[in-house]
Structure formats: structure tokens, C-alpha cells
Amino acid sequence: GLRAINEYGVDTVILDDGLQQWRLKKDLEIVTVSTSQGLGNRHMLPRGILREPLSSLKRADIFVLTKTNLAGDANNIKTTLNKINPRALIVESIHRGLGFYDIKKPVELLNPGYLKDKAVVLVSGIGDPDSFADLIVSLGVRVGLDLRFSDHHNYTLLDLEGIAVKAGHKNLGIIVTTEKDAVRLSDCPLKILEAYQVLVLRIALEITKNEKEFFARLLSLYSL
């Protein structure tokens, strides 16, 4: 961060998972909460999904509820967050599928209805594969096979061979993955999957509630 400021003259540093950086003074703390997962059983790892106690949410300035269009009860989560931190702004958002692109041609975006009524193989190594599958289904796509790997999975030659074999057994010719997985898959010898069409779902986060208030909070950091 200091290097970015001193050598490149930036005026803003954005941290991923910054809430856990206790020693760093931050001007704004934004916490995202997946509506599909909620707060889990409200226990920390390994008993639950939390990385810190719920009391840590008192430090947050903004809560962004994500995937409100896919699953979960946003009202219950909002009630809990308001009890823990009544001063924080609560924003609601959705994950919208913008379309698909061939993993080798990321600039050529196909429309969201391109795979409507077609059966595909899903391949993902993300923290919430259920939401990926739900979003695919919401676009009218049929999931013939759902192959799930661990979050941040680094794909190997053996993985690709296994994907190809399993897709072949199901007579499925289209493989769909996430943009997060596409980065790691692109480093693999994709010729193993040359018999299949490998598509990537491009998504965007869209704020559906309290967008104006959200940007007002951000811009207030730069007011004189």
C-alpha cells in the first residue's frame, strides 16, 4: 500500500478481505454477506463458516447483501445485522448473468439466452457453487452434470482428463465454468477438451437497493 502511494501516487487503496487486517487503519469497511449462505451456523471455522466472531461486524460501515435474486431470506439477515451494527448501511445486490464467452475468445460475448434449453456440464472451484448452478438454471440452461472442486482449485492435467471422460459418458458437448475458474483453466492444456465447447459465464453485481446511499458513502471519503 505504501509503495502504491509513494511510487504511483494513488489516492485510494482497496483491500480484499481487509476486515481482518486489524493493524491497518481503514477509512471505510465494506462487508459482503451472501444471501444464499447467510451467516451459517454463526460459529467460526472449523465449526462454522465465519472467520471472525459476529461481534467483528460492529466495525463495518456498509453491509452488501449479495445474490438476493438466487436464494435465502434477506430480511432475516438484515434483522440480525441491524442488531449487531445498527449504524451500518445495508445495501442489496444481485448477480446478473451478462452472457457467455468461449474460453479462448473472451472478447466475443454471447447473449444470456445462448444456452437456453441446452444441457451442459458445470465445472467450478468456488466457495458457493450452489449459486453458480442456480444462476445457470435461471438462464434456462439444463445442468446435465455438476462437477465441483474445492475453492481456489488449481486444475491439473488429470482433472481435465476426468472432466472430459465424465462429460463424454453423459454425451454432453458443452462445458460451462466461472470467470474465476477460467483463469486457472487457461493455464492448462485445453486441447484435452478440444472435443467440447468450453464457455465461461460472465456476471455483474448490480445494486438493487440503497445504491444512491452506497455511492454517497464512497464519495464522502473525498469531500473537502
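These numbers come from a predicted model, not from an experiment.

Would you mind showing me how to read a nonpolar patch on the surface here?
Together, Leu2, Ile5, Tyr8, Val10, Val13, Leu15 and Leu24 line one region of the surface with nonpolar side chains, adding up to about 660 Å² of accessible area. Residue position: Leu15 is located in the loop between helix H1 (2-8) and strand S1 (30-34). Note on Leu15: relative accessible area 36%, which makes it partly exposed.

Looking at this model, I keep getting lost on the packing of aromatic side chains. Mind explaining?
Both the distance between ring centres and the angle between the ring planes are used here to describe each pair of aromatic rings. Here the structure, examined in full by the defined rule, presents two aromatic pairs. For the pair Phe149 and Tyr155, a centre-to-centre distance of 5.1 Å together with 75 degrees between the ring planes defines the contact as edge-to-face. Accessibility expressed as a relative area gives 22% for Phe149, which makes it partly exposed. Under the relative-accessibility criterion, Tyr155 is labelled buried at 8%. Arranged with centres 5.3 Å apart and planes meeting at 80 degrees, the rings of Phe214 and Phe215 form a pair that is edge-to-face. Look at Phe215 and you get partly exposed, because its relative accessible area is 40%. Geometry around Tyr114 places Lys118 over its ring, the cationic atom sitting 4.8 Å from the centre.

Sorry, what's going on with the pattern of salt bridges here?
Two side chains with opposite charge may pair up if their charged atoms get near one another. Scanning the entire structure with this criterion turns up 14 salt bridges. As a salt-bridge pair, Glu7 and Arg3 come within 3.3 Å of each other at their nearest N and O atoms. Of this pair, Glu7 and Arg3 both sit in helix H1, four residues apart, which is roughly one turn of that helix. An identical accessibility class is assigned to Glu7 and Arg3; each is exposed. A salt bridge links Asp146 to Arg148, with the shortest nitrogen-to-oxygen separation between them at 3.0 Å. Relative accessible area serves as the criterion here: at 28%, Asp146 is assigned to the partly exposed category. Judged by relative accessible area, Arg148 falls into the partly exposed class, the value being 41%. A single network of salt bridges, built from pairs that share partners, joins Asp130, Asp146 and Arg148.

Is there a simple way to explain the nonpolar core in this structure?
The nonpolar side chains of a soluble globular protein tend to be buried, and buried together. Residues Ile103, Val121, Val123, Leu160, Ile175 and Leu193 are the most contacted members of the largest nonpolar core, which totals 22 residues. Ranked by residues supplied to this core, first place goes to helix H4 (residues 157-169) with four residues. In this structure Leu160 touches Tyr155, Leu185, Cys188, Pro189, Leu190, Ile192 and Leu193, once residues within four positions along its chain are discounted.

What should I look at first to understand the environment of Leu139 in this one?
Topologically, Leu139 is positioned in the loop between helix H3 (129-138) and strand S6 (142-148). Considered as a pair, Leu139 and Pro112 are 27 residues apart in the sequence and their alpha carbons are 6.6 Å apart. Beyond its immediate sequence surroundings of up to four residues, Leu139 is in contact with Phe100, Pro112, Lys116 and Leu201.

Help me understand the pairing of strand S5 (residues 119-124), please; the structure alone is not making it clear to me.
Within a regular strand, the side chains alternate between the two sheet faces. Of all six residues making up S5, six are buried, and the element is well covered by its neighbours. With six bridges connecting them, S5 and S6 associate as parallel partners. Opposite Ser124, over in S6, you have Arg148 as the bridge partner. In the sheet, S5 pairs with strand S7 (residues 174-178) via three bridges, with the strands oriented parallel. Among the inter-strand pairings, Val123 is bridged to a residue of S7, identified as Thr177.

Here is what the cut-offs are and how they apply
- Residues numbered from 1 in each chain as written.
- Predicted model: local features only at pLDDT ≥ 70, side-chain atom pairs only at ≥ 80, totals over all residues.
- Heavy atoms only, no water.
- Patch = residues over 30% accessible without salt bridge, like charges linked within 9 Å, V, L, I, M, F, W, Y side chains within 5 Å.
- Areas by Shrake-Rupley, 256 points an atom, 1.4 Å probe, with all protein chains shown as cover.
- Salt bridge = Lys/Arg side-chain N within 4 Å of Asp/Glu carboxyl O.
- Helix = DSSP H or I, 4+ residues; strand = E, 2+ residues; numbered from the N terminus.
- Buried < 20%, exposed > 50% of the residue type's maximum accessible area, 1.4 Å probe, protein only.
- Phe/Tyr/Trp six-rings, centres within 6.5 Å; stacked < 30°, edge-to-face > 60°.
- Lys NZ or Arg CZ within 6 Å of the ring centre and 35° of its normal.
- Core = buried A, V, L, I, M, F, W, Y, C linked by side-chain atoms within 4.5 Å.
- Contact = heavy atoms within 4.5 Å.
- Pairing = 2+ DSSP bridges.

Treat this as a map of the structure, not an account of what it does.
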